[in-house]
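Secondary and tertiary structure notes
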Amino acid sequence: MTATPLSRVMGILGQRLVQALVVALLVAGLCFLMVQSLPGDIAFRIAAGRYGYDYVTAEAANAVRSELGLASSTLARFGDWLWALLQGDLGSSLVTGAPVAADVGHHLGATLTLASASVVLALVVALPLGSLSALRPGGWCDRLTLGWSVLMRALPPFLLGLVLMVMLSVELGWVSAAGHGEGSNLLLPALTLGLGLSGVLSRVVRESVLTVVQSGYYRFALTKGLSPARVFWRHGLRNTGVSIIAYTSVQLVLLIEGVVVVESLFAWPGIGHALVHAIFWRDIPMVQGTVLVLAVLFVLLNTLTDLLCLAIDPRGPKES
C-alpha cells in the first residue's frame, strides 16, 4: 500500500480514537446525571427490583441505600465509577448483583446477531430489486420496487411484526411466535427488521446504480463491446458500493441501538430491551455500562465503515 492511503488510514484511526474517548466520557457523565434526576427514590426502586413491590418496606429501602452507598454525594459515586472504569471494571448490577460486563456482553451479542441477520436479509431483497430497477427505469420492476418501498415505510415495525407472527406462527405454525435459544426464534424478528429496512435500501441501491449507469465512463465501457453484465460487474458494483455501505452501516447502528419495540414483541433479550429495564429499576451501573458500550460501538462501526469505503472507493489510490 502506498504512503498516501496508509496516512489516511492512520488519520482515521487517530481521529476515531480521540472521538471514542470524548464520546465515552460525555455519554457516561450525561447518562449518570439523567438517571440521578429521574423522579422517585432510587433505593426504593432498586429494592422493588430485588424483592418485588409487595415486599418493599422503608426498612428494606434504607438497607439498600446503606449497602450501595446511595447516601453519598452524586459526585463521589460518579468518581468511584470512573475510577473503576479506568481499571476495566464496569461494576455490578444494583438489582441482580451480577457483573455489568457479563450482562452487557450477553445482551449485546443477541442484538448484534439480530441486527446482522436483519441487514443480510435486507441486502438480499434490496440489491437485486434496486439494481434491476436502475437498469430498467420506469419498468415493471421499478414500479414494484417503489410500491414495496412505500409499503415497508408505511408499516410500523410492531405492526409488521404482528402480521408476520400471525401468518408464519399462528396460522402456518412454521416458527415459534417468540423466544430465544433456538435458531428458528431469530427468523421473525429478523424478517420484521429486514423487510422494513429493505424498502428504503432498495431505493438507495436504485439511485446509486442509476447514477453509475448514466455516467460517461459506464457508457464508454459498453461501446468497447463488453456485455452489459460484465460492464455492470466490473464498473457498476464498486462505484455504487460506497454509498450503499455508508447507508447500510448507519442502519446497522440504528438497528443495534433502537430495536426495543421489536425485541420486546418477540421476547428477544437484546441490549435495548435490557437498557429499558435498567432505567426502570434505576440500575445505574447497568445503565452506564450499556450506554457506554453502545457509544463506543457507534464509533467503532463508523471507523470500520470509513476504512471499508476507503478500500473500495475506485477514486482512491491503488496499491503499488
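Here the structure is a predicted model, which means the values were calculated and not measured.

Basis of the calculations
- Residues numbered from 1 in each chain as written.
- Predicted model: local features only at pLDDT ≥ 70, side-chain atom pairs only at ≥ 80, totals over all residues.
- Heavy atoms only, no water.
- Helix = DSSP H or I, 4+ residues; strand = E, 2+ residues; numbered from the N terminus.
- Buried < 20%, exposed > 50% of the residue type's maximum accessible area, 1.4 Å probe, protein only.
- Contact = heavy atoms within 4.5 Å.
- Areas by Shrake-Rupley, 256 points an atom, 1.4 Å probe, with all protein chains shown as cover.
- Salt bridge = Lys/Arg side-chain N within 4 Å of Asp/Glu carboxyl O.
- Axes fitted to C-alpha atoms, helices over the stretch in contact; angles between N-to-C directions.
- Parallel < 35°, antiparallel > 145°, perpendicular 65-115°, else oblique.
- Nonpolar A, V, L, I, M, F, W, Y, C, P; charged D, E, K, R; others polar.
- UniProt positions renumbered as here; feature names shortened; annotations may be inferred.

Turning our attention to the overall build of the protein chain. A tally of regular secondary structure across the protein chain gives 13 helices and zero strands. Counting every position in the protein chain, which comprises 320 residues, the buried fraction comes to 42%. Across the protein chain, every contact between residues at least 6 apart in sequence was considered, and the portion connecting residues at least 24 apart equals 74%. Surface accessibility of the protein chain: about 16800 Å² in total, with carbon and sulfur atoms responsible for 69%.

Quick look at the pattern of salt bridges now. Under the definition given, this model contains three salt bridges. Here Arg206 and Asp142 are joined by a salt bridge, their closest N and O atoms 2.8 Å apart. Residue Arg206 is found in helix 8 (residues 187-213), and its partner Asp142 is found in helix 6 (residues 140-154); the two are separated by 64 residues along the sequence. For the pair Arg206 and Asp142, a shared accessibility class is recorded, and that class is buried. Between Glu207 and Arg206 there is a salt bridge whose closest N-O contact spans 2.7 Å. The class for Arg206 is buried, based on a relative accessible area of 11%. The network of salt bridges with common partners includes Asp142, Arg203, Arg206 and Glu207.

Glancing now at the environment of Leu108. With respect to the secondary-structure elements, Leu108 resides in helix 5 (residues 100-135). Relative accessible area serves as the criterion here: at 14%, Leu108 is assigned to the buried category. Residues Leu108 and Thr290 lie 182 residues apart in sequence; the distance between their C-alpha atoms is 8.7 Å. Each residue touching Leu108, except ones within four places of it in the same chain, is listed here: Ile271, Val293 and Leu297.

Packing of helix 5 against helix 12 (residues 271-280) leaves a shortest axis separation of 7 Å and a crossing angle of 140 degrees. Between helix 5 and helix 12, the angle is such that the two are oblique. From helix 5, Val104, His107, Leu108 and Thr111 reach across to helix 12, where they touch Ile271, Gly272 and Ala274. Looking at the contact of helix 5 with helix 12 residue by residue, the class counts come to four nonpolar, three polar and no charged.

As a further point, take the side chain of Thr290. Within the fold, Thr290 resides in helix 13 (residues 284-312). A relative accessible area of 0% places Thr290 in the buried class. Apart from the residues lying within four places of it in its own chain, the contact partners of Thr290 are Val104, Ile271 and Leu275.

Within helix 2 (residues 42-51) the residues assigned to the buried category are Ile42, Ala43, Arg45, Ile46, Ala47 and Ala48. The positive-phi residue at the C-terminal boundary of helix 2 is Gly52, with phi of around 95 degrees.

What follows concerns the UniProt feature "transmembrane region" (unreviewed entry) in the protein chain. UniProt feature "transmembrane region" (unreviewed entry): in the numbering of this structure it lies at residues 17-35, 112-134, 154-174, 186-205, 245-271 and 291-312. Along residues 112-134 one finds 100% helix and 0% strand; the C-alpha atoms at either end are 31 Å apart. This span, residues 186-205, is 95% helix and 0% strand, and a straight line between its end C-alpha atoms measures 26 Å.

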